[in-house]
Amino acid sequence: MRIGNLDWGKAIITLIMALLGIVFLLPFIWMLSASLKPEADVFKYPIEWIPQTWRAAFNYHSVWFGKANFTLYYWNSIKVTALTTLLSVAVSSMAAYGFTKIRFPGRNALFVLVLATYMIPAEATLVPLFIIFRSTGLYDTHLGLILLGGFSVLGTFLLRQFFASLSNEYIESAQIDGAGHIRIFLSILFPLVRPAIATYAILRFIWTWNDFQTPLVFLNSKTLYTLQLGMNAFADRNGAFYSLIMAASVSAIVPLLVVFILGQKQVIEGISLGGVKG
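Note on numbering: residues in each chain are counted from 1, in written sequence order. Residue-level local features of this predicted model are given only where pLDDT is at least 70; pairs of side-chain atoms are given and counted only at 80 or more, and the full residue set underlies all totals for whole chains, interfaces and linings. Excluded from the side-chain calculation are hydrogens and water; included are all heavy atoms of the structure.

A. The arrangement of the UniProt feature "transmembrane region" (unreviewed entry) in the chain in detail. UniProt positions are given in the numbering used here, feature names are shortened, and annotations may be inferred rather than shown by experiment. The UniProt record marks residues 12-32, 73-97, 109-133, 145-163, 184-207 and 240-262 with the feature "transmembrane region" (unreviewed entry), using the residue numbering of this structure. Working definition: helices are DSSP H or I runs of at least four residues, strands are E runs of at least two. Numbering for both runs from the N terminus. With 96% helix and 0% strand, the stretch residues 184-207 has end C-alpha atoms that lie 30 Å from each other.

B. Seen up close, the nonpolar core. Residues Val63, Phe70, Trp209, Leu227, Phe234 and Ala248 are the most contacted members of the largest nonpolar core, which totals 32 residues. Examining the composition of this core, we find that 8 residues originate from one element, helix H13 (residues 242-275), more than from any other. In what follows, a contact means two residues having at least one pair of non-hydrogen atoms within 4.5 Å. The residues touching phenylalanine 234, leaving out its near neighbours within four places in the chain, are Val63, Ala68, Leu244, Ile245 and Ala248. To define a nonpolar core, start from buried Ala, Val, Leu, Ile, Met, Phe, Trp, Tyr and Cys residues and group those joined through side-chain atoms within 4.5 Å. Summary of the burial criterion: residues with accessible area below 20% of their type's maximum are buried, those above 50% are exposed, and those between are partly exposed, where the area comes from a 1.4 Å probe applied to protein chains only. Grouped together as the second largest cluster of nonpolar side chains are 17 residues, Tyr97, Phe162, Ile171 and Ile197 included.

C. Representation of the side chain of threonine 84. Here threonine 84 lies in helix H3 (residues 70-101). For threonine 84, the contacting residues outside a window of four places in its chain are Leu145, Ile146, Gly149, Gly150 and Thr208.

D. A look at the side chain of asparagine 59. Along the polypeptide, asparagine 59 turns up in helix H2 (residues 56-65). On the basis of relative accessibility, which here comes to 1%, the residue asparagine 59 falls in the buried class. Here a polar contact is recorded for every N or O atom pair within 3.5 Å, except that within protein the pair must consist of a potential hydrogen donor and a potential acceptor, and residues adjacent in sequence are included only if both atoms are side-chain atoms. Side-chain polar atoms of asparagine 59 contact the backbone oxygen of lysine 37, separated by 3.0 Å. For asparagine 59, the contacting residues outside a window of four places in its chain are Ala34, Ser35, Leu36, Lys37, Ser243, Leu244 and Ala247.

Structure below.
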């Protein structure tokens, strides 16, 4: 319904979405507010969204420079997550290219077999993986975590859909000029699906950063703990101090916000690219 220059239908939808956005943000806003307060004010009712007494410096200093080795956990997570994301993007994109643009006997059957492995629950493979990692020396190492997260059936499937949408004329023209598959992949097709790859990279980063189960099973040394295990240890040590736990939680979320803000344009382009396949 349009009255004058105002489309009331769109205005109402926009208002509803804005209200829903605020509702979804409330837990994060409360967590941020609690991290800035003295412990006695955290559960004060009614809620003080803007603290009357500020204790941000003490709370965050206690998290980063206290008895818990929070800085080491942070660095471990950044290292494991970044390397896992790079490896997963490389492997998944090359596999997607191979399954769409390289013809070989049994290609479709092999892809179906790869997809079938996605139906196996991750919990069912923990014991075999644990035995393999113990026997190969990968247990209790960051390399083991990186290798586990570097091979993704879902990533291969997602990127395959985007590679399949690209015309084979690109490849044929490049092959006429003498280009091989490596050059075609890196110089021609990879830039064309960059938004899709950026979208998957952001998802892979978030999944790896938030992963608790894999480090819990495959890490034993506290010096190798990722942030999720470190947060668990930090909560056990400071369970009665919710202001410190909220400060640690805010610190843990910051990299995810930075990655998403920097990559949101690529995410939108990736969604648009996926929506105009012909």
